[in-house]
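Chain by chain, the residues:
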Amino acid sequence: MLRLIGLVVSIGLADSLNPSTVGPALYLAAGARPRRSVGRFAAGVTAVMFVAGAVLTVGPGQALLALIPRPGPTVRYIAETVVGAAMLIATGVLWRKRHELGHRHATDAPRRHGSPAVLGASIAAVELPTAFPYFAAIAAIVASGLSVEQELILVAIYDVCFVAPLVLIAILLTVAGESADRVLETVRDYLTKHWPVLLAVAGLLAGVFITALGVTGLTSSAGGRLGHISRHVRRVISH
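These numbers were taken from a predicted model, which means no experiment stands behind them.

> Could you give an account of the overall build of the protein, naming the residues involved and the relevant values?
Regarding its fold elements, the protein presents 10 helices and zero strands. Each of the 239 residues in the protein was classed as buried or not, and the buried ones make up 38%. A separation threshold of at least 6 residues defines the contact pool for the protein, and within that pool the share at least 24 residues apart is 86%. Total accessible area computed for the protein in this model is approximately 13100 Å², and 70% of it derives from carbon and sulfur atoms.

What follows is the structure, given as structure tokens:
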């Protein structure tokens, strides 16, 4: 369980540096009732993410799990390795297109809607079909063979990590008050231009960590099997 929590947290935090959610939150922070607006925006994002993750985990995920009941450690380690490798590949693509993506988002004008909660829910729903890190985390969660309750807790942990920057913005607005405007404006300008680099670095770290989890698990599992075979051979020879 702790191993899987580390995997989910690492993917969630890397995915949290998402300009589609952090960008609007920063602009809401500069408007009327900023703390309340950012909080409602984060709640909208979280609600859609959790409902979608729960449906995928309990629905299709459990149906697939029924075909392969109680997957062994090797299956879980393979899933971790595949998820990590996929993140590294995605990071490489993002790094190659960092200048193009940074320029495009730098020239995009932010749009505001009436309700921050509806805005957050709408953005999450639109972004969901391309939320590949989320799908990768859910695949690893389903492959773990844990109970449905434990899997839903892991989905919730991912969602909390995903909205962590939004929560930090709300906390900064609460603690710093009016002086938070200058800090958030600086962060917004920097993120607008450099978000692909930040996301690529976070994805690289998470990808390396997750791949290392899977590879070391496979290595230890293979070593354990070899040790078992060796002991069995020695017993046969001794008889």
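Okay, back to it.
> Describe in detail helix α8 (residues 148-162), supporting the description with residues and values.
Relative to the 21 Å expected for 15 residues at 1.5 Å per residue, α8 spans 21 Å between its end C-alpha atoms, a close match to the ideal helical length. Buried residues of α8: Glu-151, Leu-154, Val-155, Tyr-158, Asp-159, Cys-161 and Phe-162, and no others. Around the axis of α8, the buried residues are gathered within 165 degrees of arc, so they sit on the same side. In this structure, α8 carries Glu-149 and Val-160 as exposed residues pointing more than 90 degrees from its buried face.

> Would you mind going over helix α1 (residues 2-16) in detail, with residue names and values included?
The end-to-end C-alpha separation of α1 is 21 Å, in line with the 21 Å expected for 15 residues at 1.5 Å each. All of the buried residues along α1 are Leu-4, Leu-7, Val-8, Ser-10, Ile-11, Gly-12, Ala-14, Asp-15 and Ser-16.

> Got a sec to walk through the packing of aromatic side chains? Specific residues and values, please.
Following the criterion strictly, the structure yields two aromatic pairs and no others. An angle of 75 degrees between the planes, with centres 6.4 Å apart, marks the rings of Phe-132 and Phe-135 as edge-to-face. Remark: Phe-135 and Phe-132 occur in helix α7 (residues 132-143); sequence separation between them is three residues, near one turn of the helix. Note on Phe-132: relative accessible area 56%, which makes it exposed. Look at Phe-135 and you get partly exposed, because its relative accessible area is 28%.

> Please provide a residue-by-residue account of the packing of helix α2 (residues 19-28) against helix α9 (residues 164-176), values included.
Two numbers describe how α2 lies on α9: the axes approach to 9 Å, and their chain directions differ by 15 degrees. On the basis of the axis angle, α2 is roughly parallel to α9. In the packing of α2 onto α9, the handedness of the crossing is right-handed. Residues Thr-21, Val-22, Ala-25 and Leu-26 of α2 pack against Pro-165, Leu-166 and Ile-169 of α9. The residue makeup of the contact of α2 with α9, split by class, is six nonpolar, one polar and no charged.

> Any chance you could break down a nonpolar patch on the surface for me, citing the residues and the numbers?
A cluster of nonpolar side chains, Val-167, Leu-168, Ile-171 and Val-175, forms an exposed patch at the surface whose accessible area comes to about 390 Å². Take Ile-171: it is sitting in helix α9. Residue classification places Ile-171 among the partly exposed positions, given a relative accessible area of 44%.

> Account for the environment of Ile-138, with residues named and values stated.
Structurally, Ile-138 can be placed in helix α7. Spatially, the C-alpha atoms of Ile-138 and Leu-152 are 9.7 Å apart, while their sequence positions differ by 14 residues. The residues touching Ile-138, leaving out its near neighbours within four places in the chain, are Gly-53, Leu-56 and Thr-57.

> Describe the nonpolar core, naming the residues involved and giving the relevant values.
By size, the foremost hydrophobic cluster in this structure holds 44 residues, and its most contacted members are Leu-7, Ile-11, Phe-41, Met-49, Tyr-134, Tyr-158 and Ile-169. Top element by residues in this core is α7. It accounts for seven residues. Ignoring sequence-local partners within four residues, the contact set of Tyr-158 consists of Val-8, Ile-11, Gly-12, Asp-15, Met-49, Pro-133, Tyr-134 and Ala-137.

> Tell me about the confidence of the model for the protein, and name the residues and values.
Per-residue pLDDT for the protein has a mean of 77; in total, 75% of the residues score no lower than 70. Of all secondary-structure elements in the protein, the lowest mean pLDDT belongs to helix α5 (residues 98-107), at 58, while α8 reaches the highest, 93.

> Give me the lowdown on the side chain of Ser-20, citing residues and values where you can.
In this fold, Ser-20 is placed in helix α2. Within polar-contact distance, the side chain of Ser-20 engages the side chain of Glu-127 at 3.2 Å.

> Now, about the environment of Gly-6: what can you tell me, with residues and values included?
In this structure, Gly-6 sits in helix α1. The exposure class assigned to Gly-6 is partly exposed, which follows from its relative accessible area of 22%. Each C-alpha atom of the pair Gly-6 and Leu-213 lies 9.4 Å from the other, and the pair is 207 residues apart in sequence.

Conventions and cut-offs
Residues numbered from 1 in each chain as written. Predicted model: local features only at pLDDT ≥ 70, side-chain atom pairs only at ≥ 80, totals over all residues. Heavy atoms only, no water. Helix = DSSP H or I, 4+ residues; strand = E, 2+ residues; numbered from the N terminus. Buried < 20%, exposed > 50% of the residue type's maximum accessible area, 1.4 Å probe, protein only. Contact = heavy atoms within 4.5 Å. Areas by Shrake-Rupley, 256 points an atom, 1.4 Å probe, with all protein chains shown as cover. Expected span 1.5 Å × (residues − 1). Arc of directions from axis to C-beta. Phe/Tyr/Trp six-rings, centres within 6.5 Å; stacked < 30°, edge-to-face > 60°. Axes fitted to C-alpha atoms, helices over the stretch in contact; angles between N-to-C directions. Parallel < 35°, antiparallel > 145°, perpendicular 65-115°, else oblique. Left-handed = near helix turned anticlockwise from the far one by under 90°. Nonpolar A, V, L, I, M, F, W, Y, C, P; charged D, E, K, R; others polar. Patch = residues over 30% accessible without salt bridge, like charges linked within 9 Å, V, L, I, M, F, W, Y side chains within 5 Å. Salt bridge = Lys/Arg side-chain N within 4 Å of Asp/Glu carboxyl O. Core = buried A, V, L, I, M, F, W, Y, C linked by side-chain atoms within 4.5 Å. pLDDT = per-residue confidence, 0-100. Polar contact = N/O pair within 3.5 Å; in protein donor to acceptor, adjacent residues only side chain to side chain.

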